[in-house]
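Letter by letter, the chains look like this.
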Amino acid sequence: MTHSTPAPISNRIAAMAPEIAEWRRELHRYPELAYEEERTAAFVADKLRSFGCDQVETGIGRTGVVAAVHGAHGPAQDAGGAIMLRADMDALPIHEETGAEYASQTPGKMHACGHDGHTAMLLGAAQRLAETKAFSGTVYFCFQPAEEGMAGAKAMIDDGLFERFPARAVFGMHNWPGLPVGSFAVRPGPMLASADKFAIRLNGRGGHAAKPDRARDPLIAGAHLVTQLQTLVSRFTDPLQPAVLSVTTFHAGSAFNIIPDRAEITGTIRTFDASVQSDLKSRVERMARAIAESFEIEAELSWPIIPYPPTVNDSAMTGFVTDTLTGLVGDDAVKTEYPPTMGAEDFSFLAQQTPGCFVFVGNGDSASLHHPKFDFNDAAIPYGVAYWERLAQSALPIS
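Residues numbered from 1 in each chain as written. Predicted model: local features only at pLDDT ≥ 70, side-chain atom pairs only at ≥ 80, totals over all residues. Heavy atoms only, no water.

(A) Geometry of the overall build of the protein chain. Scanning the protein chain from N- to C-terminus turns up 11 helices and 17 strands. For 399 residues, the compact-globule estimate of 2.2 N^0.38 gives 21 Å, and the protein chain sits close to it at 23 Å. With the C-alpha coordinates aligned to their principal axes, the bounding extent of the protein chain is approximately 80 × 45 × 40 Å. Here the protein chain holds 399 residues, and 54% of them are scored as buried. Partitioning the contacts of the protein chain with sequence separation of at least 6, the portion at a separation of at least 24 is 82%. For the protein chain, the exposed surface amounts to about 16,300 Å²; the carbon and sulfur share of it is 50%. (Helix = DSSP H or I, 4+ residues; strand = E, 2+ residues; numbered from the N terminus. Rg over C-alpha atoms; globule rule 2.2 N^0.38 Å. Buried < 20%, exposed > 50% of the residue type's maximum accessible area, 1.4 Å probe, protein only. Contact = heavy atoms within 4.5 Å. Areas by Shrake-Rupley, 256 points an atom, 1.4 Å probe, with all protein chains shown as cover.)

(B) Structural detail: the environment of Glu57. Assignment of secondary structure puts Glu57 in strand β1 (residues 55-60). Linking Glu57 and Leu280, residues 223 residues apart in sequence, is a C-alpha distance of 40 Å. Those residues in contact with Glu57 that lie beyond four places of it in its chain are Gly64, Val65, Val66, Arg164 and Phe165. Within polar-contact distance, the side chain of Glu57 engages the side chain of Gln55 at 3.5 Å. (Polar contact = N/O pair within 3.5 Å; in protein donor to acceptor, adjacent residues only side chain to side chain.)

(C) Looking closely at the pattern of salt bridges. For the coordinates displayed, the defined rule picks out 24 salt bridges. Measuring nitrogen to oxygen at the nearest pair gives 2.9 Å for the salt bridge that ties Glu345 to Arg86. Taken together, the residues Glu345 in the loop between β16 (341-344) and α10 (347-353) and Arg86 in strand β3 (residues 82-88) connect sequence positions 259 residues apart. On the accessibility criterion, Glu345 (1% relative accessible area) is buried. As a salt-bridge pair, Glu264 and Arg262 come within 3.7 Å of each other at their nearest N and O atoms. (Salt bridge = Lys/Arg side-chain N within 4 Å of Asp/Glu carboxyl O.)

(D) Up close: the packing of helix α2 (residues 38-50) against helix α3 (residues 115-132). One way to put it is that α2 packs onto α3 with a least axis distance of 10 Å and a crossing angle of 15°. Between α2 and α3, the angle is such that the two are roughly parallel. Relative to α3, the crossing made by α2 is right-handed. Contacts from Phe43, Val44, Lys47 and Leu48 in α2 reach Thr119, Leu123 and Ala126 in α3. Class assignment of the residues belonging to the contact of α2 with α3 gives a composition of five nonpolar, one polar and one charged. (Axes fitted to C-alpha atoms, helices over the stretch in contact; angles between N-to-C directions. Parallel < 35°, antiparallel > 145°, perpendicular 65-115°, else oblique. Left-handed = near helix turned anticlockwise from the far one by under 90°. Nonpolar A, V, L, I, M, F, W, Y, C, P; charged D, E, K, R; others polar.)

(E) Structural context of helix α9 (residues 315-329). Between its first and last C-alpha, α9 extends 21 Å over 15 residues, near the 21 Å set by a 1.5 Å rise per residue. Residues of α9 that are buried include every one of Met317, Thr318, Val321, Thr322, Thr324, Leu325, Leu328 and Val329, and no others. Looking straight down α9, one finds that the buried residues subtend no more than 165° of arc, so they occupy a single side. Structural note: α9 exposes Ser315 and Asp323 on the side pointing more than 90 degrees away from its buried face. Those residues of α9 that are buried are in contact with β5 (170-176), β6 (184-185), β14 (311-313), β15 (334-335), β17 (356-362) and α11 (381-395). With a side-chain oxygen lying 3.1 Å from the backbone nitrogen of Ala316, the N-terminal cap of α9 falls on Asp314. (Expected span 1.5 Å × (residues − 1). Arc of directions from axis to C-beta.)

(F) Geometry of the packing of aromatic side chains. What the rule picks out here adds up to 11 aromatic pairs. Ring centres of Trp176 and Phe360 lie 3.9 Å apart, and the angle between their planes is 5°; on these two criteria the pair is classed as stacked. In this pair, Trp176 sits in strand β5 while Phe360 sits in strand β17, placing the two residues 184 residues apart along the sequence. Overall, Trp176 belongs to the buried group, its relative accessible area being 16%. A centroid spacing of 5.7 Å and a plane angle of 80° characterise the contact between Tyr308 and Phe349, whose relative ring orientation is edge-to-face. Remark: Phe349 occurs in helix α10 and Tyr308 occurs in the loop between β13 (298-302) and β14; sequence separation between them is 41 residues. Neither residue differs from the other here; Tyr308 and Phe349 are each classed as buried. One cation-aromatic arrangement involves Arg39 over Tyr30; the distance from NZ or CZ to the ring centre is 3.9 Å. Taking the ring centre of Trp303 as reference, the NZ or CZ of Lys281 above it sits at 4.9 Å. (Phe/Tyr/Trp six-rings, centres within 6.5 Å; stacked < 30°, edge-to-face > 60°. Lys NZ or Arg CZ within 6 Å of the ring centre and 35° of its normal.)

Following this line, the structure appears as structure tokens:
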């Protein structure tokens, strides 16, 4: 994809963009799933070292990479003089259908969420800031694994991320289909929802379909449960508190004349409020057990992923980011009342540790995220790099 770059983007960043796009396409060719990002991490670390970063550390949170660049007056003396910029690196288990010449070389895996673009843009910013050092203090560049449901941010935190790289604020960015290239969206408060995955196994007693009285049917119990779960939002959740509960899989049975021994159901819960999230989870458990008991079967419940909290933008950081973006691309290109999304992001874990702000950068008229025809729009690259550079310079001005 091509796009002319207007005046707000510096000539130097515009000149860098084609090379950064090549990095992005190289990452796109070789996607790696959560905690498999060995090749990606090595690519990132090699680039960071070639830029002359002051520090490059690998293996953080298993496959994460963190680099430090110190400004004009040397390293920050404490967390107050440092900020952290974060990008995610992992791909998804989706078979690519873009037809791009740089399409995934690994069947069943692709960068269907644009993490290749996020990584490339942050690499571009690291190169630019290592070159200019036009700020005071330290910028940490955090390249995170396993965002897609495997809580790589939490893994990095548990591995001492903020103890080893103390920062007063953390910032993240995600491409957004439908938002015009050259535009950004940000809002204070909830930006993305929490995410939980529930798994319910209903254990009954199988038998012949002609003699249902001698069996204890988990399939019919599961059908009731799927229907009743839909009432938890509509009848037990404050209508002024957004929430989604979706049942997404239901597996049971093997033949038309056999009542199965078990049925398995999975789904997800999304909210913007931690108390609503907790309440819905407890209600799912109670409802599953109550319905199972009414059909004289047993219910086993599990929550297979680490629950993601809502991504909540700090109000002060959001104000600062809004001013920074407005100064970069102008009022009309910064959407400050953009609606939050029920999608989730494990940037939420980082923002729980230190004030943070997460923004969307326009990907233009592309396929939706997690679609086999999705592709990151390389025209967005100079805007992402310019934002990271301007953010660092504004947050850490040379006095």
